[in-house]
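Inside the fold
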Amino acid sequence: ELLDRIDAEYSPEEPTGPALHEKLAKIVIKRLENPLSADLIKKKEENFPRPSNCDALGVPKVNAEIWRKMDNAQKGRDLRFCHAQRAVVKATTRVAIMADSLLNMTKEKGPTVTVDKGDLEKLIVTSMDIMSLLGFANRDLAFRRRELIRPALKSQFAPLCADSTPMTSSWL
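About the cut-offs
- Residues numbered from 1 in each chain as written.
- Predicted model: local features only at pLDDT ≥ 70, side-chain atom pairs only at ≥ 80, totals over all residues.
- Heavy atoms only, no water.
- Helix = DSSP H or I, 4+ residues; strand = E, 2+ residues; numbered from the N terminus.
- Rg over C-alpha atoms; globule rule 2.2 N^0.38 Å.
- Buried < 20%, exposed > 50% of the residue type's maximum accessible area, 1.4 Å probe, protein only.
- Contact = heavy atoms within 4.5 Å.
- Areas by Shrake-Rupley, 256 points an atom, 1.4 Å probe, with all protein chains shown as cover.
- Lys, Arg positive; Asp, Glu negative; His and termini not counted.
- Charge placed at Lys NZ, Arg CZ, Asp CG, Glu CD.
- Core = buried A, V, L, I, M, F, W, Y, C linked by side-chain atoms within 4.5 Å.

Bringing the overall build of the protein chain into the picture now. The number of helices and strands found in the protein chain is six helices and zero strands. Ordered by position from the N terminus, the helices and strands of the protein chain form the series α-α-α-α-α-α. Compactness check: the protein chain gives a C-alpha radius of gyration of 21 Å against a globular reference of 16 Å for 172 residues, more than 25% above the reference. Seen through its principal axes, the protein chain has C-alpha atoms that stretch 65 × 60 × 30 Å. The buried share of the protein chain, taken over its 172 residues, is 23%. Residue pairs in contact within the protein chain that sit at least 24 positions apart in sequence constitute 68% of those at least 6 positions apart. Accessible surface for the protein chain amounts to roughly 13200 Å². Of this, 57% is attributable to carbon and sulfur atoms. Distance between charge centres in the protein chain, computed from 28 positive and 24 negative side chains, equals 7 Å.

The next thing to look at is the side chain of serine 132. For serine 132, the position within the fold is in helix H6 (residues 117-149). Among all residues touching serine 132, those that are not within four sequence positions of it are Arg31, Leu36, Ile41 and Lys44.

Counting twelve residues, the largest nonpolar core consists of Ile41, Phe48, Ala84, Ala87, Ala91, Met98, Met105, Leu123, Ile130, Leu133, Phe136 and Ala137. Listed by contribution, the elements that provide at least two residues to this core are helix H5 (72-105) and H6. Once you skip the residues sitting within four places of it in the chain, isoleucine 130 turns out to touch Ala91, Arg94, Val95 and Met98.

Written out as structure tokens, the structure reads:
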């Protein structure tokens, strides 16, 4: 009993909530484990323009003078992080637009709101697009973490951090 408690402290399980709809769970897993192609992600990002009154929903650029002083490796790393950041910002943009849509739906008077089925389907599709962007960003950031870990490993273990090595939800 004592050893079980001590063991549990060293291998805590992440708490979980209620299960999702089965088909939805399969889509979520698929989007996170096998993200959409870069071309499809780019297309989805283009479909999420920044609202005119939300300047903060952008990816900041590196100052031109600083950029000129960076070597090619540093520029490459920055650009790769920028891709993940862009996906997060575009997903955040979409969440803001979705929240605005929901807010507009609640403007009806009374305790209940009538929502068109088509509007709900649009919100579901939007949420799946957001998941795609965040899944892309999650995977991209995991690869960047591997990239940063690789120099700390002995040469025989460095291939474990290659982009071609499959990633799991538990281990990089």
